Amino acid sequence: MKLRRNFVAAIFFILHWASTGVAATDFAAEMEAENSRWLAVYNSRDAQAFGPMYTPDAVFVPQGGEPIKGRTAIVQFWFEMLKNGFLKPTLEIVDLHQEGRLAYQTCRWTVLKPRESNSVKQLSGNTLRIFERQRDGRWLIKVQMSNTD
């Protein structure tokens, strides 16, 4: 009887471990997909397309700036940022974690800034984004903070 109980416990442990690994892999893939979607919107140069990526009550805290509250204000921020002509953004996930309907990811980012001399300067920094899973399964950005190196 004791052997059977230990065997059953071992099977449950293995199944739990295996399903946790699959869930973590799926979550990482979902976050990579969100980053790809964000980069595609940035590269489209369409500030309005950022709106659906944020919750209606989202907060964005840019380096050295006041918190920007709400989807409409965040779209306006991206409209102004896109005017600066920054090119070829990248995002590389450093860390991520999910707890229920909330998740966060920290990323390294880079972008190219055109100069008047027909050269470019690479800028880089970190970003923290907190996502909220919606009832339809989508992840939307609830809080975003960024800095530069």
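Each chain carries its own residue numbering, running from 1 in the direction its sequence is written. In view of the model being predicted, local features appear only for residues whose pLDDT reaches at least 70, and side-chain atom pairs are presented and counted only at 80 or more, with totals across whole chains, interfaces and linings using the full set of residues. Values reported for side chains reflect all heavy atoms of the structure, with hydrogen atoms and water molecules removed beforehand.

Colleague: Explain the side chain of Glu-132 to me, please; I cannot follow it from the model alone.
Modeller: Structurally, the position occupied by Glu-132 is in strand β5 (residues 120–133). Three labels apply to residues, based on accessible area from a 1.4 Å probe with only protein chains included: buried if under 20% of the type maximum, exposed if over 50%, partly exposed otherwise in between. Accessibility expressed as a relative area gives 16% for Glu-132, which makes it buried. Sequence-distant contacts of Glu-132, defined by excluding residues within four places in its chain, comprise Thr-55, Arg-101, Leu-102, Arg-138, Trp-139, Leu-140 and Lys-142. Numbering of helices and strands runs from the N terminus; a helix is a DSSP stretch of H or I covering at least four residues, while a strand is a stretch of E covering at least two. Residue contacts are defined here by distance: any two heavy atoms, one from each residue, within 4.5 Å place the two residues in contact.

Colleague: What should I look at first to understand the side chain of Thr-127 in this one?
Modeller: Looking at the element boundaries, Thr-127 is found in strand β5. Within the structure, the side chain of Thr-127 is placed 3.0 Å from the backbone oxygen of Met-145, a separation counted as a polar contact. By the criterion applied in these results, polar contacts are pairs of N or O atoms within 3.5 Å in which, for protein atoms, one can donate a hydrogen and the other can accept it, and in which residues neighboring in sequence qualify only through two side-chain atoms. Polar contacts involving the side chain of Thr-127 include one to the side chain of Ser-146, which spans 3.0 Å. Thr-127 has contacts with Leu-91, Gln-105, Thr-106, Cys-107, Trp-109, Gln-144, Met-145 and Ser-146, leaving out every residue within four places of it along the chain.

Colleague: Can you walk me through the confidence of the model for the chain in this structure?
Modeller: As a note on interpretation, predicted positions should not be read in detail where pLDDT is low. Known as pLDDT, the predictor's confidence for each residue is given on a scale from 0 to 100. Of the residues in the chain, 83% have a pLDDT of 70 or more, and the chain-wide mean is 86. For the chain, helix α1 (residues 2–44) is the element with the lowest average pLDDT, namely 67, and strand β2 (residues 68–69) is the one with the highest, namely 98.

Colleague: What should I look at first to understand the nonpolar core in this one?
Modeller: In a soluble, globular protein the nonpolar side chains are often hidden away together inside. Membership of the largest hydrophobic core comes to 28 residues, with the highest contact counts inside it found for Trp-38, Tyr-42, Phe-50, Tyr-54, Phe-60, Ile-74 and Trp-78. Counting residues per element, the ones that place at least two in this core are α1, β1 (54–61), α2 (71–83), β3 (87–99), β4 (102–114) and β6 (139–148). Filtering out sequence-adjacent residues up to four positions away, Phe-60 remains in contact with Tyr-54, Glu-66, Pro-67, Ile-68, Ile-74, Phe-77, Trp-78, Gln-144 and Ser-146. We call a set of buried Ala, Val, Leu, Ile, Met, Phe, Trp, Tyr and Cys residues a nonpolar core when their side-chain atoms join them within 4.5 Å.

Colleague: When you look at the pattern of salt bridges in this model, what are you seeing that I'm missing?
Modeller: Think of it this way: side chains of opposite charge can pair up when their charged atoms draw near. Any Lys or Arg side-chain nitrogen located within 4 Å of an Asp or Glu carboxyl oxygen qualifies as a salt bridge. As enumerated under the stated definition, the model contains eight salt bridges in all. Across the pair Glu-80 and Lys-83 runs a salt bridge, and its minimum N-O distance is 3.5 Å. With a gap of three residues between them, Glu-80 and Lys-83 both fall in helix α2, about one helical turn apart. For Glu-80, a relative accessible area of 37% corresponds to the partly exposed category.

Colleague: Looking at this model, I keep getting lost on the pairing of β3. Mind explaining?
Modeller: Consecutive side chains of a regular strand alternate in pointing toward one face of the sheet and then the other. Relative to β4, β3 runs antiparallel, the two sharing ten bridges. Bridge pairing in β4 places Glu-99 opposite Leu-102. Counted along the chain from β3 to the antiparallel partner β4, the turn is two residues long, and its residue Gly-100 has a positive phi close to 65°. Should DSSP find at least two bridges between two strands, the strands are regarded as paired.

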